[in-house]
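Descriptive analysis of the structure
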Amino acid sequence: MDDRIIISIGRQYGSGGREIGKKLAEIFNIDFYDKELITLEAKESGFSEEILKENDENHNGSFLYSLVMGTYTGGDNLPLNHKLFLAQFDTIKKLASEKSCVIIGRCADYALEYNPNCVKVFIHADLDSRIKRAIDVYGESPDKVEEVIKKTDKKRESYYNFYTGKKWGQMQNYDITINSAFSGIDGAVKAIADLVRVKMNK
């Protein structure tokens, strides 16, 4: 293990995962990637940013179904969404091999499963706390906020489970899971930062 720091953060919508990630990036003076990963992926893969944005943490169709039905032959015949996932997977692995960074979502914990420099985090919170944050911080409509939260989480869960074969949010997939409603944003940042420092000193 070298001195690079990689922090991957999975998160429920409204749990403050992005804010926590940005604060960690500031503490360790490292780069932060959320939507920024799309721009990098476009440069690396040749896919347009528009296509990547449309398919960001979203899957269409079933890779397993195509295998069962015999319609998958590999190579250039992969469905577009699978090509996009593989491009994202490669971009994340290349990024983590070159620099210290914080990466939000996008199955980064899976892509970096065997990277000894990566601390894998999942942020969650109770629904009421996430509703409040989504309204106060993200500007969601009070009338639709619960529906938005549930749809966003469902999309993230479906994407993660589909491509990794694991269960989104399951503690075995992460080095630490934190209830941000209990710890607060700064408390979550401190707990993760402390764990990173422990890992760095091993």
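Below: a short report on this structure.

Calculation rules
- Residues numbered from 1 in each chain as written.
- Predicted model: local features only at pLDDT ≥ 70, side-chain atom pairs only at ≥ 80, totals over all residues.
- Heavy atoms only, no water.
- Pairing = 2+ DSSP bridges.
- Helix = DSSP H or I, 4+ residues; strand = E, 2+ residues; numbered from the N terminus.
- Axes fitted to C-alpha atoms, helices over the stretch in contact; angles between N-to-C directions.
- Buried < 20%, exposed > 50% of the residue type's maximum accessible area, 1.4 Å probe, protein only.
- Arc of directions from axis to C-beta.
- Contact = heavy atoms within 4.5 Å.
- Core = buried A, V, L, I, M, F, W, Y, C linked by side-chain atoms within 4.5 Å.

As a further point, take the sheet that holds strand 2 (residues 31-33). One open sheet holds the five strands; their spatial order is 2-3-1-4-5, and the pairing between them is parallel. The two strands at the open ends of the sheet, each matched to only one other strand, are strand 2 and strand 5 (176-179). Going across the sheet, the axis of each strand differs from the next one's by a mean of 20°, ignoring polarity. Where strand 1 (residues 6-11) meets strand 3 (residues 101-104), four bridges bridge the pair, whose relative direction is parallel.

Now for helix 7 (residues 127-136). Along helix 7, the residues classified as buried are R130, I131, R133 and A134. Down the axis of helix 7, the sector holding all buried residues measures 170°, keeping them to one side. Looking at helix 7, the residues exposed on the side facing more than 90 degrees away from the buried face are D128, K132 and D136. Against helix 1 (17-28), helix 8 (145-164) and helix 9 (180-200) lie the buried residues of helix 7.

Counting 22 residues, the largest nonpolar core has I7, I9, I20, L24, V102 and I192 as its most contacted members. When contributions to this core are tallied by element, the ones reaching two or more residues are strand 1, helix 1, strand 3, strand 4 (118-124), strand 5 and helix 9. In terms of residues, this core owes the most to one element, helix 9, which gives six residues. Setting aside chain neighbours within four positions, we find L24 in contact with I7, I9, V102, V189, I192 and A193. Within the second largest apolar cluster, 12 residues are counted, among which are A96, I103, A108 and L112.

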